[in-house]
Amino acid sequence: MALVLGIESSCDETAVALVDSDRRIVAQRIASQDAEHAPFGGVVPEIAARAHAERLAPMIDGVLTDANIALTDCDAIAATAGPGLIGGVMVGLVSAKALAMATDIPLIAINHLEGHALSPRLADESIDFPYALLLVSGGHCQILKVEGVGQYRRLATTIDDALGEAFDKTAKILKLGFPGGPAVEREQQTRLLTPFAERHAGFPGEQTMDRLRRQPQAVCPLLGGGGIVRAAHQRRADPREPLVARHRQMQRQHIDLAQLVEQHVHQALVRGRRRVVQ
């Protein structure tokens, strides 16, 4: 039975796992960097790379200890080679190269997106090729037809920012904290609202989003830095209002904007899937 040591460091999480040829995860460890990036409202590549460098070696030792095996018992070492934040990718890949050279174990360079595309078969061996895949990962948002290992057909993709980045940018503007996705969701759930468009005709950015929705390749026409960001800046509380009223107005706008983001994200993904099926 083959045993592979896997290393992932493409963004803001460090992950190490031992996986056998029966698709079983023998041991794994994951380290989040949310606390390091929270003060900046988004992932800072240099901070991410430094955190990977500090945590990776102890995590590899920990996974091997958890599985009660030696590094030389592994049949291969796999590491993310891109795409991703170059600093983090280099930390993981160079570490994997050093281990492979020191132990004379084969090194497998993994495409980050290909790893996502094939991961359903790791969790469920009954899944056969071909299958459709919605890939929502960091800076990427795509719908793919997975025809086999190394055989992929891109059916749709973003025309700008991916979902995670749109959420992070929105949360940063509204000062909701990091990571942006959970923060935006918490904000919009603070009260039930009628559909935003029905209550706010002519909302800044709506025309931009309508135009982007009609783009044939737009899986995610919510751009974060486009209509939503402009709307957040334009729909500020009127400074002529009394302080208490202005504060309440800003609170309502935050909730409204958070709900609008979630609505457009959901609608964009549904439209993308329907377009592919048709």
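Here the structure is a predicted model, which means the values were calculated and not measured. (Residues numbered from 1 in each chain as written. Predicted model: local features only at pLDDT ≥ 70, side-chain atom pairs only at ≥ 80, totals over all residues. Heavy atoms only, no water.)

**Student:** Would you mind showing me how to read the pairing of strand β4 (residues 76-82) here?
**Tutor:** Most of β4 is tucked away, with six of its seven residues classed as buried. Relative to β4, strand β1 (residues 3-8) is paired through four bridges, and the arrangement is parallel. Note on β4: the bridge partner recorded for glycine 6 is alanine 78. (Buried < 20%, exposed > 50% of the residue type's maximum accessible area, 1.4 Å probe, protein only. Helix = DSSP H or I, 4+ residues; strand = E, 2+ residues; numbered from the N terminus. Pairing = 2+ DSSP bridges.)

**Student:** Whenever I open this one, the sheet that holds β4 confuses me. Can you help?
**Tutor:** Each strand in a sheet pairs with its neighbour through backbone hydrogen bonds, running either in the same direction (parallel) or in the opposite one (antiparallel). Strand order in the open sheet formed by five strands is β3-β2-β1-β4-β5, and the pairing between neighbours is mixed. Each end of this open sheet is capped by a strand with a single partner; those strands are β3 (25-32) and β5 (107-111). Neighbour-to-neighbour, the strand axes of this sheet turn through a mean angle of 20°, independent of strand direction. Sheet analysis places strand β2 (residues 13-20) next to β3, joined by seven bridges and oriented antiparallel. Within β3, the position partnered with valine 16 by the bridge is arginine 29. (Axes fitted to C-alpha atoms, helices over the stretch in contact; angles between N-to-C directions.)

**Student:** In this structure, what is going on with the sheet that holds strand β8 (residues 151-157)? I would like to understand it.
**Tutor:** The strand order across the open sheet built from three strands is β6-β7-β8, with neighbouring strands paired in antiparallel fashion. Every interior strand has two partners, whereas the edge strands, β6 (131-137) and β8, have only one. Direction aside, neighbouring strands of the sheet carry axes that sit 30° apart on average. Set on the sheet, helix α4 (residues 112-123) makes contact with β6, β7 (140-148) and β8; between it and β6 the angle comes to about 130°. (Contact = heavy atoms within 4.5 Å.)

**Student:** Help me understand the pairing of β8 in this model?
**Tutor:** One face of the sheet, then the other: side chains in a regular strand alternate in exactly this way. When β7 meets β8, the two strands line up antiparallel, connected through six bridges. Paired with valine 146 across the strands is tyrosine 152, a residue of β8. The hairpin formed by β7 and β8 contains two residues between the paired strands, and glycine 150 there has a positive phi angle of roughly 80°.

**Student:** I would appreciate a short explanation of unusual backbone geometry in the present structure.
**Tutor:** Backbone phi values are negative for most residues with the exception of glycine, while trans is the configuration of most peptide bonds. The step from phenylalanine 129 to proline 130 runs through a cis peptide bond, and the omega angle for that step is -10°. Residue placement: proline 130 occurs in the loop between α4 and β6. Residue proline 179 follows phenylalanine 178 across a cis peptide bond; omega there is 0°. Within the secondary structure, proline 179 sits in the loop between α5 (163-173) and α6 (180-188). Of note in this structure, asparagine 68 is not a glycine but carries a positive phi near 60°. Its location among the elements puts asparagine 68 in the loop between α2 (45-67) and β4. Positive phi outside glycine occurs at aspartate 104, with the angle close to 60°. If you trace the backbone, aspartate 104 turns up in the loop between α3 (86-103) and β5.

**Student:** Is there a simple way to think about the nonpolar core in this case?
**Tutor:** A general tendency of soluble globular proteins is for nonpolar side chains to be buried together. Grouped together as the largest cluster of nonpolar side chains are 22 residues, with contacts concentrated most on Leu5, Val16, Leu18, Ile60, Cys74 and Ile77. Elements supplying a minimum of two residues to this core: β1, β2, β3, α2, β4 and α3. Per-element tally for this core: the top contributor is α2, with six residues. Discounting residues that sit within four places of it in the chain, isoleucine 77 has contacts with Leu5, Leu71, Ala96, Leu99, Ala100, Ile105, Pro106, Leu107 and Ile108. If you look at the next biggest cluster of nonpolar residues, it comprises 10 residues, including Ala162, Ala171, Ala258 and Leu269. (Core = buried A, V, L, I, M, F, W, Y, C linked by side-chain atoms within 4.5 Å.)

**Student:** Quick question: what am I supposed to make of the pattern of salt bridges here?
**Tutor:** Here the idea is simple: oppositely charged side chains can pair when their charged atoms come close. Applying the stated criterion to the full structure yields four salt bridges. When the shortest N-O distance is used, the salt bridge between aspartate 66 and arginine 29 registers 3.0 Å. Note that aspartate 66 is positioned in helix α2 and arginine 29 in strand β3, a separation of 37 residues in sequence. Take aspartate 66: its relative accessible area is 45%, and that puts it in the partly exposed class. Here arginine 55 and glutamate 36 are joined by a salt bridge, their closest N and O atoms 2.3 Å apart. On the criterion of sequence distance, the pair formed by arginine 55 in helix α2 and glutamate 36 in helix α1 (residues 34-37) is long-range, its members being 19 residues apart. Judged by its relative accessible area of 28%, glutamate 36 falls in the partly exposed class. (Salt bridge = Lys/Arg side-chain N within 4 Å of Asp/Glu carboxyl O.)

**Student:** Please clarify how the side chain of histidine 37 should be interpreted in this entry.
**Tutor:** Among the structural elements, histidine 37 can be located in helix α1. At 2.8 Å, the side chain of histidine 37 forms a polar contact with the side chain of glutamine 33. (Polar contact = N/O pair within 3.5 Å; in protein donor to acceptor, adjacent residues only side chain to side chain.)

The analysis is restricted to geometry; functional conclusions fall outside its scope.
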